[in-house]
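Listed below, chain by chain, are the residues.
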Amino acid sequence: MSAGCAGAGRLCYSNVKVLKPSARRVLSNRIMSERATVLGEQPSIFLNYSNEKPNTFECHSGGWHNEPNVTWSNQDGYSLPPLFNIFYKDDSGGFSVKSYLSPKPDSSIYSCLVRPDMSSLQDVKSYLYLLNLERTSIDFSSKADGWTVAFGVLLAITLLAAAAFIVKWKKMNDLERTYEPKAASHLQKEIDMTRRITKSEWRLIHSCAADVILDPETAHSGLLLFDNGKRMRRGKLKDVPENVERFDFWTCAVGKEGFTSGSHYWVVDVTENRSWRLGAVKGSAKRQGNFTMAPQLGYWVLVWNNDHLKALSVQETGLSRRLKLSSVGIYLDYEGKLLSFYNADVGTHLYTFSNMEFTGGEKVFPFFLTLDMEKDLIL
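Residues numbered from 1 in each chain as written. Predicted model: local features only at pLDDT ≥ 70, side-chain atom pairs only at ≥ 80, totals over all residues. Heavy atoms only, no water.

So what exactly am I meant to see when it comes to the nonpolar core here?
If you look at soluble globular proteins, the nonpolar side chains tend to sit buried side by side. Trp276, Leu278, Leu309, Leu325 and Leu339 are the most contacted members of the largest nonpolar core, which totals 35 residues. Sequence-distant contacts of Leu325, defined by excluding residues within four places in its chain, comprise Val270, Trp276, Trp304, Leu309, Asn343 and Leu350. (Core = buried A, V, L, I, M, F, W, Y, C linked by side-chain atoms within 4.5 Å. Buried < 20%, exposed > 50% of the residue type's maximum accessible area, 1.4 Å probe, protein only. Contact = heavy atoms within 4.5 Å.)

Hey, could you run me through the confidence of the model for the chain in this one?
Caution is warranted with low-pLDDT regions, since their predicted coordinates should not be read in detail. Considering every residue of the chain, the mean pLDDT works out to 77; 69% of them sit at 70 or more. Below a pLDDT of 50 lies the segment residues 1–37, which in the model reaches 156 contacts outside its immediate sequence neighbourhood of four places, other chains included. A low-confidence stretch, residues 120–145 (pLDDT under 50), is modelled with 60 contacts involving residues beyond four sequence positions or located in other chains. (pLDDT = per-residue confidence, 0-100.)

Sorry if this is basic, but what is going on with the packing of aromatic side chains here?
Each pair of aromatic rings is reported with the distance of its centres and the angle of its planes. Tallying each qualifying case throughout the model produces 14 aromatic pairs. Between Tyr299 and Phe367, the aromatic rings sit 5.5 Å apart at their centres with planes inclined by 85°, giving edge-to-face as the arrangement. Pair noted here: Tyr299 is in strand E17 (residues 299–305) and Phe367 is in strand E23 (residues 364–370), with a separation of 68 residues, a long-range link. An aromatic cluster of at least three residues, connected via ring pairs, comprises Phe247, Phe291, Tyr299 and Phe367. The positively charged end of Arg287 is found above the aromatic ring belonging to Phe365, 5.4 Å away from the centroid. Here the basic side chain of Lys337 rests over the ring of Phe358, its NZ or CZ set 5.1 Å away from the ring centre. (Phe/Tyr/Trp six-rings, centres within 6.5 Å; stacked < 30°, edge-to-face > 60°. Helix = DSSP H or I, 4+ residues; strand = E, 2+ residues; numbered from the N terminus. Lys NZ or Arg CZ within 6 Å of the ring centre and 35° of its normal.)

Help me out: how do you make sense of the pairing of strand E20 (residues 327–333) in this one?
For a regular strand, side chains alternate in direction, first toward one face of the sheet and then toward the other. Among the 7 residues in E20, 6 count as buried, and that is most of the element. Sheet analysis places strand E15 (residues 263–269) next to E20, joined by 7 bridges and oriented antiparallel. Bridge pairing links Asp269 to Ser327 in E20. (Pairing = 2+ DSSP bridges.)

Here it is as structure tokens:
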């Protein structure tokens, strides 16, 4: 269900009530206002469940001129602190926001208010009616003239809509069972992208630092290697000795040392490099010719291209368009068969490949690719 949206400075409200486990509901609000000065989409609230218990609320709204403000509140009107907010630009160039909140044991109704920065707008009074079957909450910000008539009309409409809602709700259950796992997966990805690594985790990762050096015997003939194998950039093609270990289509190189046990961590400076791929490759993987880089072929790779980050998983996984990466940390747990990527500047997790497939004792090499002819990748 979608929520109503209007008001002074484009106030957007959504109201949600916990109705039944295994479902999430978005209840409609009707908002009457004297004018709307800043455009933005009506917010929607989704309630996600885990093990038949409420897990997280997600409030989403897009189409804003600037980054809007988000305020959560309960049925008593008290503000609730969100877990975190994610702002990003949508395809139309406007700002969108996703705000997350943990359900509270003493609340059954939640409201999400999305509005722009009001500092540049004149004060304009608005009337807000939040109606549902159990509780009617009305905010009167001016004189009560005419409100009784308006309330009666709205109450009649609500009762009629409630009957239709009950019928439609039954039909929605099957659709929600289909889409709920996808929504949960999307939410988990957003949470993972903003999860800051604890100091103890970060110390453990850094204790596994490896001195990685690029192997010129594997480097494509169009790559330039500098500083004793610590920098690489794409350049013009040149004559190089033939080598079955050398990449001859993709402008790649691997580290000189392959790992056969233990945990290893290395950092790559990618500042202003416009197109790169980083990760790991198993020793038996194909290197020559044009091929797809994917886990089933022994490549576990993160890609940055056109300001968009994605993981070359079995099905490509788009990550974030808001990141401005300058250093990428890569952590290999050989025995655990895990390869994790981090924003090394701020200590947040980007993505993890799990269940890496390689034979015991097979070498796993650090992997590097660049298409940028101006900015280096630096180890």
